[in-house]
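Report on the structure
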Amino acid sequence: DHLDDIRGYLFQHVQLTVTSVAIGFAISLVLGLVAVRWRWTYEPLAGICSVLYAIPSLALFSVLISIPSFGLGYRSAVVALVSYTLLILLRNIVTGLDSVPAATREAADGMGFERWRRMLQVDIPLAAPVIIAGLRIATVTTVGLVTVAGLVAAGGLGELITEGLGRSFPTPIVVGAVLSIALAVLLDLAFLALEWVLTPWARARAPRGSDQ
C-alpha cells in the first residue's frame, strides 16, 4: 500500500548520495591536484578535511540547521555529507597520483605532453583504481550517513527509520534499514564494475591461475 512512498524515499536517498559524492569528488579532485602540484599544501588541506571528518554527524547537522541560511532540509544535509567525503577522496586521489611510475611520466613528457594533458591522459587514468577505491568507500559511507539526515527532514530512507522509531512501529525501520544496506551493496558493486571497465590493463596483468 505504500510502495509509492518507499520509491520516493529511495529516490531521495540516491539523489542525496550521488549529489554529495559528486560535489565532494569535484572539490577533492581540485584539492588533490593542488596538493600534488604544491606538495607543502597537502598536510594543511588533509588536516582541515580530517577535522571535518571527525565532527560527529548529529553535532554537524545540529550546527547547520541552526544557521538561518541552511535550516532543516536538503541543503544542510548535502553540506554535511560533502564534508565527510573530502578526507577519503583527497587521500585516495593524492595516493593514486603519487603511484604513477616516474618513468611513465618522463615518457609522456618526452612525447611532448603538456602538464595538463599528461595529467588528464596519463596520470589520472593510471591512478583510477586507487581513486575509484576511494569513491567506493565514500559512497558506501554516505549511504549510511544519509539515513542520519532523516533526522533533519532531508528525505531519504532515514525518514522511514525516524518515523518507525517515533511510532514504535518496526516495519518502516526494517524497510529503511534493509533498503539502505541493499543500496550500499549495489553501489559498491557498480564501482567494481566501473573499475573493471576503466582499467583494462589491470585485467591483462591479472594472474591466470584459476585453472590450476
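Criteria and thresholds
Chains are numbered independently. Their residues run from 1 in the order of the written sequence. A pLDDT threshold of at least 70 governs which residues receive local features in this predicted model, and a stricter bar of 80 or more applies before side-chain atom pairs are shown or counted, although totals over entire chains, interfaces and linings include all residues. Neither water nor hydrogens contribute to the side-chain values; these are computed over all heavy atoms in the structure. Counting from the N terminus, the helices are the DSSP runs of H or I reaching at least four residues and the strands are the DSSP runs of E reaching at least two. Relative accessible area decides the class of each residue, using a 1.4 Å probe on protein chains only: under 20% of the type maximum gives buried, over 50% gives exposed, and in between gives partly exposed. In what follows, residue pairs with any heavy atoms lying within 4.5 Å of each other are defined as contacts. Confidence of the prediction at every residue is given by pLDDT, a number between 0 and 100. Nonpolar side chains (Val, Leu, Ile, Met, Phe, Trp, Tyr) are joined into patches within 5 Å and like charges within 9 Å, using only residues with over 30% relative accessible area and no salt bridge. Using the Shrake-Rupley algorithm and a 1.4 Å probe, accessible areas are obtained, with residue cover drawn only from the displayed protein chains. Here, a salt bridge means any Lys or Arg side-chain nitrogen found within 4 Å of an Asp or Glu carboxyl oxygen. Only Phe, Tyr and Trp rings are paired, with Trp represented by its six-membered ring, and only when their centres lie within 6.5 Å; those with planes under 30 degrees apart are stacked, over 60 edge-to-face, the remainder tilted. Between the first and last residue of a helix there are one fewer steps than residues, each counted as 1.5 Å, and that sum is the expected span. Working definition for bend: take the seven residues up to and ending at a residue and the seven starting at it, fit an axis to each, and measure the angle between the axes.

1. Things to note about the overall build of the protein
Along the protein, the regular secondary structure elements total 9 helices and 0 strands. Listing the helices and strands of the protein from first to last along the sequence gives α-α-α-α-α-α-α-α-α. Projected onto its principal axes, the C-alpha positions of the protein cover 65 × 50 × 25 Å. For the protein, with 212 residues in total, the buried portion stands at 37%.

2. Describing the side chain of His 13
Of note, His 13 is situated in helix α1 (residues 3-37). Setting aside residues up to four positions removed in sequence, His 13 forms contacts with Val 143, Val 146, Thr 147, Gly 156, Leu 157, Gly 158, Ser 180 and Leu 183.

3. Side note on the confidence of the model for the protein
Predicted confidence across the protein gives a mean pLDDT of 85, with 94% of residues reaching 70 or more. Ranking the elements of the protein by mean pLDDT puts helix α9 (residues 200-205) last, at 63, and helix α2 (residues 42-54) first, at 93.

4. Digging into a nonpolar patch on the surface
A surface patch of nonpolar side chains, about 360 Å² in accessible area, is lined by Ile 181, Val 185, Leu 189 and Leu 192. Within the secondary structure layout, Leu 189 lies in helix α8 (residues 170-198).

5. Details of the packing of aromatic side chains
Here the structure, examined in full by the defined rule, presents 1 aromatic pair. Ring geometry for Tyr 53 against Tyr 84: centres 6.3 Å apart, planes inclined by 75°, an arrangement best described as edge-to-face. One end of the pair, Tyr 53, is in helix α2; the other, Tyr 84, is in helix α4 (residues 74-98), and 31 residues separate them in sequence. Owing to a relative accessible area of 35%, Tyr 53 belongs among the partly exposed residues under this scheme. Given a relative accessible area of 6%, Tyr 84 falls into the buried group.

6. A word on helix α6 (residues 115-149)
Between its first and last C-alpha atoms α6 spans 41 Å; for 35 residues at 1.5 Å apiece the expected length is 51 Å, and the helix comes up short by more than 12%. At Ala 128, α6 is deflected by roughly 60°, the largest bend along its length, and proline Pro 129 occurs up to four residues later in sequence.

7. Comments concerning the pattern of salt bridges
Within the structure shown, the criterion is met by 5 salt bridges. A salt bridge links Glu 163 to Arg 167; the nearest nitrogen and oxygen atoms lie 2.7 Å apart. Pair noted here: Glu 163 and Arg 167 are both in helix α7 (residues 158-167), with a separation of 4 residues, about one helical turn. Looking at Glu 163, the relative accessible area reads 32%, which means it is partly exposed.

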